[in-house]
Amino acid sequence: CLFLTLRKKIPTARPWSMANTICERLAETRAEAGYSRRALGVAAGLSARIVALVESGKTAPKRSTLDALAEVLGCHAEWLATGNGPRMRRKKVAS
C-alpha cells in the first residue's frame, strides 16, 4: 500500500513514543506504569476484558472509558485517543 509506505518515512513529532494507534498508546503507557490489564481495569473501575479489547483494537472505547484509563495512567485522554497534545498530566503540587 503506497500510503503505508509513505507514512513510514514521515518522522514522528513524538520522540518519547512511537505508538501510532490508541491500542499501542494504551499498551505502552500501561506497561510503563507497571500495570497488568487486570490491575489497570480494577484501578479504572473497568474489567480486564475491556482493557484487552481496547488494546487489541477489537473495540473502540467510550469517552468515559478513555477518561477513566487516562486518569489512572496519569495521561491526557485526548493524547490517548488521538496522539495529539501533551502526553502526561502535570502532577499537582501541594501548597
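Just so you know, the residues in each chain are numbered from 1, in the order the chain's sequence is written. The model is predicted, so local features are restricted to residues of pLDDT at least 70 and side-chain atom pairs to those at 80 or more, both for listing and for counting; the totals for chains, interfaces and linings are taken over all residues. Heavy atoms from the whole structure form the basis of all side-chain values; hydrogens and water molecules are not counted.

Draft legend 1. Molecular detail of the packing of helix H3 (residues 37–44) against helix H5 (residues 63–73). Axis angles are defined between N-to-C directions and span 0 to 180 degrees, where every axis is a line fitted to C-alpha atoms and, for a helix, only to the segment in contact. We count a stretch as a helix when DSSP gives it H or I for four or more residues in a row; a strand needs E for two or more, and each element gets its number in order from the N terminus. Their axes nearest at 9 Å, the elements H3 and H5 cross at an angle of 105°. Classified by the angle between their axes, H3 and H5 sit roughly perpendicular to one another. Here Leu-40, Ala-43 and Ala-44 of H3 lie close against H5, whose contacting residues are Ala-68, Leu-69, Val-72 and Leu-73. Put simply, Ala, Val, Leu, Ile, Met, Phe, Trp, Tyr, Cys and Pro go in the nonpolar bin, Asp, Glu, Lys and Arg in the charged bin, and everything else, Gly too, in the polar bin. Partitioned by chemical class, the residues of the contact of H3 with H5 number 7 nonpolar, no polar and no charged. Orientation is classified from the angle alone, with under 35 degrees giving roughly parallel, over 145 giving roughly antiparallel, 65 to 115 giving roughly perpendicular, and any other angle giving oblique. Any pair of residues with heavy atoms lying within 4.5 Å of one another is described as a contacting pair.

Draft legend 2. Representation of the packing of H3 against helix H4 (residues 48–56) in the model. H4 packs onto H3 with a crossing angle of 115° between their chain directions and a minimal axis gap of 7 Å. With respect to H4, the element H3 is oriented roughly perpendicular. Regarding H3 and H4, the two cross each other, and that crossing is right-handed. Only Ala-48, Val-51, Ala-52 and Glu-55 of H4 make contact with H3, whose side of the interface consists of Arg-37, Arg-38, Leu-40 and Gly-41. Helix crossings fall into two classes, left-handed where the near helix is turned counterclockwise from the far one by less than a right angle and right-handed where it is turned clockwise.

Draft legend 3. Here's a closer look at the nonpolar core. Membership of the largest hydrophobic core comes to 16 residues, with the highest contact counts inside it found for Leu-26, Leu-40, Leu-69, Ala-70, Leu-73, Cys-75 and Leu-80. Breaking this core down by element, the ones donating at least two residues are helix H2 (22–33), H3, H4, H5 and helix H6 (77–82). Looking at this core, the element that brings in the most residues is H5, giving 5 residues. In these notes, a set of buried Ala, Val, Leu, Ile, Met, Phe, Trp, Tyr and Cys residues joined through side-chain atoms within 4.5 Å is what counts as a nonpolar core. Only protein chains enter the accessibility calculation, which uses a 1.4 Å probe; a residue is then buried when its area is under 20% of its type maximum, exposed when over 50%, and partly exposed in between.

Draft legend 4. Main features of the pattern of salt bridges. What counts as a salt bridge is simple: a side-chain nitrogen of Lys or Arg found within 4 Å of a carboxyl oxygen of Asp or Glu. This structure, assessed with the given rule, holds 3 salt bridges. Of the charged contacts, one joins Arg-30 and Glu-55 as a salt bridge, the two residues approaching to 2.4 Å between their closest N and O atoms. Taken together, the positions of Arg-30 in helix H2 and Glu-55 in helix H4 put the pair 25 residues apart, joining distant regions of the chain. Take Arg-30: its relative accessible area is 14%, and that puts it in the buried class. Arg-37 is the partner of Glu-55 in a salt bridge, and the nearest nitrogen-oxygen pair spans 2.9 Å. Remark: Arg-37 occurs in helix H3 and Glu-55 occurs in helix H4; sequence separation between them is 18 residues.

Draft legend 5. Structural view of the environment of Asn-84. Tracing the backbone shows Asn-84 in the segment after H6. The contact partners of Asn-84, leaving out residues within four places of it in the chain, are Glu-78 and Trp-79.

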